[in-house]
Amino acid sequence: KKKIGSDEGIWDIEDLANVADKEGGCPYYASRQLAESADIVFVPYNFVISPGIRKALSIILSGNIVLVDEGHNIEDACRDEASCELSTENVRDLSMAIQKWGRQAAKYAGFSYFQEVNAPLKLLKG
């Protein structure tokens, strides 16, 4: 049986890269496969914070212990995950789409476009 990894069965990125070079594989996919049976997995904040990344990587937090190193940085990571940047063009396009939808919905549903849709748009325009 060929020996791979460290003597203690602990894998780090260098182990994965070395095996990938020798055996012709992908260290990223190897690490994902190894993580499935690992007792401890180290990941960046965004892997834990982001629901999308957790789902894509099948990371289940329930029933597990999460330790955060450099915890003073997690506030910024959470803020970044929950934020987005919108350009003036994005807001303008959204405003136009809402106005179009509002006119169509008002026509079919019989409500006042200006009361139900236009009032919130005034907030967007400032």
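Right above here is the structure, for reference.
Residues numbered from 1 in each chain as written. Predicted model: local features only at pLDDT ≥ 70, side-chain atom pairs only at ≥ 80, totals over all residues. Heavy atoms only, no water.

A. Quick peek at the overall build of the protein. A count of helices and strands for the protein gives 7 helices and 0 strands. If you list the helices and strands of the protein from N to C, you get α-α-α-α-α-α-α. Residues classed as buried in the protein amount to 11% of the 126 residues present. Considering only contacts within the protein whose residues lie at least 6 apart along the sequence, 33% involve residues at least 24 apart. (Helix = DSSP H or I, 4+ residues; strand = E, 2+ residues; numbered from the N terminus. Buried < 20%, exposed > 50% of the residue type's maximum accessible area, 1.4 Å probe, protein only. Contact = heavy atoms within 4.5 Å.)

B. Summary view of unusual backbone geometry. Phi is positive for Ser 58, close to 55°, though the residue is something other than glycine. Tracing the sequence through the fold places Ser 58 in the loop between helix 4 (51-56) and helix 5 (74-81). In this structure, Glu 70 takes a positive phi of about 55° despite not being glycine. Looking at the element boundaries, Glu 70 is found in the loop between helix 4 and helix 5.

C. Summary view of the packing of aromatic side chains. Here the structure, examined in full by the defined rule, presents 1 aromatic pair. Taking 5.0 Å as the distance between ring centres and 75° as the angle between the ring planes, the aromatic pair formed by Tyr 28 and Tyr 29 counts as edge-to-face. (Phe/Tyr/Trp six-rings, centres within 6.5 Å; stacked < 30°, edge-to-face > 60°.)

D. Molecular detail of the packing of helix 1 (residues 13-23) against helix 2 (residues 27-35). Where helix 1 contacts helix 2, the two axes come as close as 9 Å, and the packing angle between them is 120°. As the angle between them shows, helix 1 and helix 2 are arranged oblique. By crossing handedness, the relation of helix 1 to helix 2 is classed as right-handed. Contacts between helix 1 and helix 2 pair Leu 16, Ala 17 and Ala 20 from the former with Pro 27, Ala 30, Ser 31 and Leu 34 from the latter. (Axes fitted to C-alpha atoms, helices over the stretch in contact; angles between N-to-C directions. Parallel < 35°, antiparallel > 145°, perpendicular 65-115°, else oblique. Left-handed = near helix turned anticlockwise from the far one by under 90°.)

E. Region of interest: helix 1. Those residues of helix 1 that fall on the buried side of the exposure criterion are Asp 15, Leu 16 and Ala 20. Down the axis of helix 1, the smallest arc covering the buried residues is 130°, so these residues share one side. With respect to the buried face of helix 1, the exposed residues turned more than 90 degrees away are Asp 21 and Lys 22. Packing partners of the buried residues in helix 1 comprise helix 2. (Arc of directions from axis to C-beta.)

F. Geometry of a nonpolar patch on the surface. A cluster of nonpolar side chains, contributed by Leu 61, Val 66 and Val 68, occupies part of the molecular surface with about 200 Å² of accessible area. By the secondary structure assignment, Val 66 is in the loop between helix 4 and helix 5. (Patch = residues over 30% accessible without salt bridge, like charges linked within 9 Å, V, L, I, M, F, W, Y side chains within 5 Å. Areas by Shrake-Rupley, 256 points an atom, 1.4 Å probe, with all protein chains shown as cover. Salt bridge = Lys/Arg side-chain N within 4 Å of Asp/Glu carboxyl O.)

G. Representation of the pattern of salt bridges within the structure. The tally for this structure, following the rule as stated, stands at 3 salt bridges. With its nearest N and O atoms 2.6 Å apart, the salt bridge here joins Asp 76 to Arg 79. With Asp 76 and Arg 79 both in helix 5 and 3 residues apart, the pair spans about one turn of that helix. Taken together, the salt bridges that share partners define one network made up of Glu 75, Asp 76 and Arg 79.

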